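Per-entry structural report
If you want the building blocks of each chain, they are given just below.
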Amino acid sequence: MNRPRSVPNLLVLGIAALGVLSVAVSCDLDPTNENNPTEDQTLSTAQGIRTLTVGMQELYATDALNATIPRGVGITSREIAVNNTFSNLIEMERGGTDLSTSNSNVEAIWSANYRVVGAAEDIIENAPQVNLSASTESGIVATARLFKAMALGNIGLSFEQAPTTTRRDGTAEFVPNEQVLQEAVTLLNGALSALDDTAPSDEFSNSVLSISVSGGTPVEGLRNVIHAYRARFNGVIGNNTAAITAANQVDPAITSTFSYDDQSQNPFWQELVQSEDLALRDSLGSNLTEPGDERIEFFADPVDETSTPNGLPIEDPAGFYATASTPVPLFVPGEMPLIRAEAKLNSGAPLAQVVEEIDSVRTDASGDDIPSPFGIAAGLPPYDETGRPTTEAALQTEILRQRRAELYLQGTSLADSRRLGGEVSDREDPGTFERNRNFYPYPDQEQRNNPNTPPSPNF
């Protein structure tokens with residue numbers, strides 16, 4: 001990965017209490033600007049590290065999230081319809097061989113996530129060198145490892161190969177995406193170790209950690225997120241026992257969200273409401289979605305409209321996307337039983353155990369005595385009442401069905417489709433409910449700057 005010189009100053013506008021620096025990928029720092037701290041000033045002081053940690057979290061919650069999900073995998077996996085005639089968006093919706101290496105959306109997925117990776121690397125390297133208390137340092141390092149893992153996870157779920165680190169000379173080595181996700185797991189394990197070694201301070205919880213936590217303390221929320229992503233990435237790469245263990249450590253009563261306001265706006269709202277460049281597809285973009293699934297109405301308000309230019313049925317946004325300040329979850333607790341279901345299925349566990357995990361999501365209802373976290377509830381009958389067979393193949397499809405609805409626009413849908421769905425390869429016009437690519441091509445900028453960039457996959 002060719003790393004911009006300005007990566008260490010990736011601090012997002014609007015963090016007034018901690019200072020303001022600009023995000024500028026292609027421009028070097030201007031040392032004559034007294035209002036813009038130099039890279040050395042940012043990385044050599046405790047305040048600079050604290051500020052950079054806040055900025056890294058906000059960069060992920062805005063730019064990286066926007067590039068990865070609504071303008072990226074949400075389109076490719078058919079969750080979202082393009083509702084504008086911009087050529088880059090039309091290319092994304094067509095997919096296949098029509099998606100070029102010069103597409104700005106693909107470049108944004110790559111660059112926005114690696115900006116987070118670069119900022120996290122600087123924090124991890126420099127936090128021990130500045131005058132931070134041990135208890136504040138542990139929280140900062142754990143957060144940096146978590147966000148580097150999340151950003152690498154986005155890359156590993158989207159690209160066939162990628163670097164696991166950034167390099168200023170532009171010669172980072174590419175490895176298969178399974179290794180990228182394994183590196184994310186290693187980072188998450190390291191984040192837990194940092195928290196275990198030294199309990200984070202109140203200063204960290206109150207002034208540095210930007211995640212909003214309900215149902216527990218800020219540090220308990222941070223731990224919960226780490227366990228959830230350990231479960232997710234271990235599950236994707238087939239570490240079944242580790243995935244189940246991590247999922248079991250997630251407390252479903254503790255929820256963690258990114259918060260937004262007028263300065264840092266919900267990125268889904270920006271695309272679906274403010275610009276209307278994108279729209280939610282009918283039936284959550286899947287032909288697997290069951291009639292009567294209450295999650296459809298949670299995420300979308302029905303309207304009788306179609307998209308421009310491809311005439312796809314679309315809906316108005318609801319759920320986490322309705323306003324500029326609506327919080328967005330870092331994960332939804334219903335993902336954990338579905339991770340366990342898939343891991344148990346892959347491990348040869350009794351199929352009744354797999355069905356039990358699936359049913360804990362299928363039969364979740366909004367009127368239950370214990371309300372569903374975030375209000376996401378399918379309200380469907382148990383699996384054995386659907387008339388579908390209890391076979392490995394049928395349950396794999398059922399897990400995909402539930403993940404598509406429960407994890408709508410959580411950024412996992414493209415990888416879920418590859419792993420659990422049917423084969424799609426070398427097709428010029430994939431069906432309207434199938435993914436339109438398996439992996440993205442490598443962006444031109446990376447190919448120009450990094451001689452280690454491999455050839456892009458054909459599909």
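Just so you know, these numbers come straight off a predicted model, no measurement behind them.

Comments concerning the sheet that holds strand β8 (residues 313-317)
Reading across from one edge, β1-β6-β8-β7 is the order of the four strands in this open sheet, with antiparallel pairing throughout. Looking at the sheet topology across the chains shown, the edges are occupied by β1 (80-82) and β7 (300-306). Between one strand axis and the next, the sheet turns through 50° on average, direction left out of account. Here strand β6 (residues 278-281) runs beside β8; their pairing, made up of two bridges, is antiparallel. When the sheet's bridge partners are listed, R281 is paired in β8 with I314. Most of the contacts of helix α3 (residues 87-94) go to β1, to which it runs at about 135°, and overall it touches β1 and β6. Contacts from helix α10 (residues 267-274) reach β6 and β8 within the one sheet, and its direction differs from that of β6 by about 95°.

Thoughts on the packing of aromatic side chains
Summed over all chains, the structure comprises 19 aromatic pairs. When the centroid spacing of 5.6 Å and the interplanar angle of 90° are considered together, the rings of Y60 and F147 count as edge-to-face. Taken together, the residues Y60 in helix α2 (residues 46-76) and F147 in helix α5 (residues 134-158) connect sequence positions 87 residues apart. The burial state of Y60 is the same as that of F147; both residues are buried. On the numbers, 6.2 Å between centres and 20° between planes, the contact of F159 with Y442 is stacked. Of the two residues, F159 is situated in the loop between α5 and β2 (161-162) and Y442 in the loop between α15 (413-420) and α16 (444-449); the sequence distance between them amounts to 283 residues. Side by side, F159 and Y442 carry an identical accessibility label, which is buried. Ring pairing ties together the aromatic residues F268, F298, F299, F320, Y321, F374 and Y408, which thus form one cluster. Taking NZ or CZ as reference, R281 lies 5.4 Å from the ring centre of F433, over its face.

Structural notes on the confidence of the model for the chain
On average, residues of the chain carry a pLDDT of 91, and 90% of them reach 70 or more. Across residues 4-34, where pLDDT falls below 50, the model places 65 contacts with residues more than four positions away in sequence or in other chains.

Let's talk about the sheet that holds strand β9 (residues 328-329)
The three strands are arranged β4-β5-β9 in an open sheet whose pairing can be described as antiparallel. Edge positions in the sheet fall to β4 (212-214) and β9, since each of these pairs with one other strand and no more. Taken together, the three bridges between β4 and strand β5 (residues 255-258) define a ladder with antiparallel strand orientation. Looking at the pairing, S214 lines up with T255 of β5.

Focus on the pairing of β8
The pairing of β7 with β8 spans four bridges and is classified as antiparallel. Within β8, the position partnered with T306 by the bridge is P313.

Remarks on helix α9 (residues 240-248)
Taken residue by residue, α9 has N240, A243, I244, A246 and A247 as its buried positions. Taken end-on, α9 shows its buried residues confined to a sector of 165°, consistent with a single buried face. With respect to the buried face of α9, the exposed residues turned more than 90 degrees away are T241 and N248. Its buried side turned inward, α9 meets α8 (218-236) and α12 (335-346).

Observations regarding unusual backbone geometry
Along the chain, T308 connects to P309 via a cis peptide bond; the corresponding omega equals 15°. Checked against the element boundaries, P309 lands in the loop between β7 and β8. Unlike most non-glycine residues, S283 shows phi in positive territory, near 55°. Note that S283 resides in the loop between β6 and α11 (294-299). At L409, a residue that is not glycine, the phi angle is positive and equals roughly 55°. In this fold, L409 is placed in the loop between α14 (392-406) and α15.

Structural notes on the pattern of salt bridges
This structure, assessed with the given rule, holds 19 salt bridges. For R295, the salt bridge is made with D293, and the minimal N-O distance between the two is 2.8 Å. Looking at D293, the relative accessible area reads 5%, which means it is buried. We note a salt bridge from D416 to R403, for which the minimum N-O separation is 2.9 Å.

Quick notes on the packing of α2 against α10
Running from N to C, α2 and α10 point in directions that differ by 50°, and their axes come no closer than 8 Å. Taken together, α2 and α10 sit at an angle that is classed as oblique. Contacts between α2 and α10 involve A61, T62, L65, N66, I69, P70 and R71 from the first element and P267, F268, Q270 and E271 from the second. In terms of residue class, the contact of α2 with α10 is made up of six nonpolar, three polar and two charged.

Quick word on the packing of α5 against helix α6 (residues 177-197)
Axis separation between α5 and α6 bottoms out at 8 Å; the angle between their running directions is 165°. One finds that α5 runs roughly antiparallel with respect to α6. Every pair of crossing elements has a handedness; the one defined by α5 and α6 is left-handed. Where α5 abuts α6, its residues S138, G139, A142, R145, L146, K148, A149, L152, G153, G156 and L157 lie against N177, V180, L181, E183, A184, L187, L188, G190, A191, A194 and L195. Among the residues forming the contact of α5 with α6, the class breakdown is 13 nonpolar, six polar and three charged.

Thresholds, definitions, all that
- Residues numbered from 1 in each chain as written.
- Predicted model: local features only at pLDDT ≥ 70, side-chain atom pairs only at ≥ 80, totals over all residues.
- Heavy atoms only, no water.
- Pairing = 2+ DSSP bridges.
- Helix = DSSP H or I, 4+ residues; strand = E, 2+ residues; numbered from the N terminus.
- Axes fitted to C-alpha atoms, helices over the stretch in contact; angles between N-to-C directions.
- Contact = heavy atoms within 4.5 Å.
- Phe/Tyr/Trp six-rings, centres within 6.5 Å; stacked < 30°, edge-to-face > 60°.
- Buried < 20%, exposed > 50% of the residue type's maximum accessible area, 1.4 Å probe, protein only.
- Lys NZ or Arg CZ within 6 Å of the ring centre and 35° of its normal.
- pLDDT = per-residue confidence, 0-100.
- Arc of directions from axis to C-beta.
- Salt bridge = Lys/Arg side-chain N within 4 Å of Asp/Glu carboxyl O.
- Parallel < 35°, antiparallel > 145°, perpendicular 65-115°, else oblique.
- Nonpolar A, V, L, I, M, F, W, Y, C, P; charged D, E, K, R; others polar.
- Left-handed = near helix turned anticlockwise from the far one by under 90°.

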